[in-house]
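Reading the structure
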Amino acid sequence: MENNAADTPTDGRILVVGAGAMGSQIAMACALAGYRVRLHDIAEESLEKARANLTGVMERRVAKGRLSQAESDAAFARLESTTDLDGAAVDADVVIEAAVEKLEVKQDLFARLDTLCPSHTILASNSSSFVPSAIGARTERPDRVCNLHFFNPALVMKCVEVVRSPDTSDATMDAAVALVERLGKEAVVLNKEINGFVANRILGALRDEAVALLEGGYASVSDIDKACRTALGHPMGPFELQDMTGLDIGHAVKQGRYAESGDPADQPQRSLAERVEAGHLGRKTGQGWYRYDSEGNKLGEA
Ligand SMILES: NC(=O)c1ccc[n+]([C@@H]2O[C@H](COP(=O)([O-])OP(=O)(O)OC[C@H]3O[C@@H](n4cnc5c(N)ncnc54)[C@H](O)[C@@H]3O)[C@@H](O)[C@H]2O)c1
């Protein structure tokens, strides 16, 4: 059985803001661990989609015997959906924000949550890149702001990066790490904030080296991927992975980092930029570093 607590409700109320791919699964992970959870979104259809997706995920888990029907029912009973942020925030002990990746949206949300939530409430963001000092800049509680960075899919992936700003208190970090552990996940603590955190920075460095080797004419796309799979034991190579996640995503991350650092090394490389400009974004467009047929089967290098 997974980490869940159908019969042992956990103290504390969690508010998850944003019911997209990440927020919906983070909310369910918390409900499975016994927390009472409110899932908020500005869009009613996002909440409906979240509920439908979670119902499917939980049904599959029950069918596979990884969860009992009673545990699934109890988790759903602890999970409430709402478009009313004011009402949802009044008694939240922890907020996990998983709205769109736009700094202004997050700063506005944190400023608003700061006025709506009790003074003890921890405000955490699931942002993939923005640091807590930036997101919480307009709150009166920088000591209770941190990042809780889950990975996709949040119900499956074990790692959660817990990121502190220079103002985040030890008590906030301790509570955040305890929450991650209560969810049955592994906390990776960042003692100092940095854009992109640990796992995605390492992934980015690998991707950059792969593109540099390709652009230098040292090896082909498929041989670089082969080296990562067969020598390093990676489940897929860096080009295969980019085709899966979307070249536009990696391109946007590099642009964002360049805007912040001004370091030319952070700019998207020529071969990546050319593909994105041509609309070759990976599997979703049928071509990225590789070409794919309409069923998504790889045909060969692009
Ligand atoms: N998708 C990933 O692989 C991944 C992984 C880790 C972290 N993240 C981060 O998680 C966050 C959410 O990503 P996602 O992939 O779930 O996005 P998504 O587009 O699937 O969902 C975003 C949701 O936020 C809602 N929203 C937008 N503005 C809002 C507001 N002001 N108040 C409440 N809800 C609002 C939207 O209606 C939408 O339902 C982003 O910060 C992203 O960087 C994403």
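Parameters at a glance
- Residues numbered from 1 in each chain as written.
- Predicted model: local features only at pLDDT ≥ 70, side-chain atom pairs only at ≥ 80, totals over all residues.
- Heavy atoms only, no water.
- Axes fitted to C-alpha atoms, helices over the stretch in contact; angles between N-to-C directions.
- Helix = DSSP H or I, 4+ residues; strand = E, 2+ residues; numbered from the N terminus.
- Parallel < 35°, antiparallel > 145°, perpendicular 65-115°, else oblique.
- Contact = heavy atoms within 4.5 Å.
- Nonpolar A, V, L, I, M, F, W, Y, C, P; charged D, E, K, R; others polar.
- Domains from an automatic or database assignment.
- Phe/Tyr/Trp six-rings, centres within 6.5 Å; stacked < 30°, edge-to-face > 60°.
- Buried < 20%, exposed > 50% of the residue type's maximum accessible area, 1.4 Å probe, protein only.
- Polar contact = N/O pair within 3.5 Å; in protein donor to acceptor, adjacent residues only side chain to side chain.
- Disulfide = S-S within 2.5 Å.
- UniProt positions renumbered as here; feature names shortened; annotations may be inferred.
- Pairing = 2+ DSSP bridges.

What to know about the packing of helix H9 (residues 221-230) against helix H10 (residues 238-245)
Interhelical geometry of H9 versus H10 gives an angle of 105° and a closest axis separation of 7 Å. Taken together, H9 and H10 sit at an angle that is classed as roughly perpendicular. Packed against H9, whose contacting residues are Val221, Ile224, Asp225, Cys228 and Arg229, the element H10 presents Pro238, Phe239 and Glu240 at the interface. Class assignment of the residues belonging to the contact of H9 with H10 gives a composition of 5 nonpolar, no polar and 3 charged.

A closer look at the domain arrangement of the protein
Once the domains are mapped, the protein shows domain 1 (13-190) and domain 2 (199-301). Of note, the centres of domain 1 and domain 2, computed from C-alpha atoms alone, are 30 Å apart.

Notes on the packing of aromatic side chains
For the coordinates displayed, the defined rule picks out 1 aromatic pair. Summarising the aromatic geometry, the rings of Phe239 and Trp289 are spaced 4.8 Å apart at their centres and angled 65° between planes, so their arrangement reads as edge-to-face. Pair noted here: Phe239 is in helix H10 and Trp289 is in the loop between helix H12 (270-277) and strand E9 (290-292), with a separation of 50 residues, a long-range link. Take Phe239: its relative accessible area is 0%, and that puts it in the buried class.

Description of the environment of Glu101
Positionally, Glu101 belongs in the loop between strand E4 (94-97) and helix H5 (103-116). C-alpha of Glu101 to C-alpha of Val37: the two residues are 64 residues apart in sequence and 22 Å apart in space. Contacts of Glu101, omitting those with residues within four sequence positions, involve Lys106, Ser127, Ser128, Ser129 and Phe130. A polar atom in the side chain of Glu101 sits 2.8 Å from the side chain of Ser127.

Quick look at the state of the cysteines
Within this structure, the stated rule accounts for 0 disulfides. Free of any disulfide, Cys117 has its nearest neighbouring cysteine sulfur in Cys146, separated by 13 Å. A relative accessible area of 8% means that Cys117 is categorised as buried. Left without a disulfide partner, Cys159 is nearest to the cysteine sulfur of Cys146, which lies 14 Å away.

A few points about the environment of Gln242
Tracing the backbone shows Gln242 in helix H10. Note on Gln242: relative accessible area 6%, which makes it buried. Expressed as a C-alpha distance, the spacing of Gln242 and Arg283, which sit 41 residues apart in the sequence, is 9.0 Å. Among residues more than four places away in sequence, those in contact with Gln242 are Arg207, Val211, Leu247, Leu272 and Trp289.

Side note on the UniProt feature "domain: 3-hydroxyacyl-CoA dehydrogenase C-terminal" (unreviewed entry) in the protein
When the UniProt feature table is mapped to this numbering, "domain: 3-hydroxyacyl-CoA dehydrogenase C-terminal" (unreviewed entry) covers residues 196-292. Taken end to end, residues 196-292 is 60% helix and 3% strand, and its first and last C-alpha atoms sit 30 Å apart.

Regarding the sheet that holds strand E8 (residues 186-190)
What the 8 strands build is an open sheet, ordered E3-E2-E1-E4-E5-E6-E7-E8; its pairing is mixed. Of all strands in the sheet, those bounded by a partner on one side alone are strand E3 (79-82) and E8. Adjacent strand axes in the sheet meet at a mean angle of 25° when their direction is disregarded. Bridge count between strand E6 (residues 145-150) and strand E7 (residues 159-164): 5 bridges; the pairing is antiparallel. The residue bridging Cys146 from the neighbouring strand is Arg164, located in E7. Across the sheet, H5 touches strand E1 (13-17), E4, strand E5 (122-125) and E6, and the angle it forms with E5 is around 165°.

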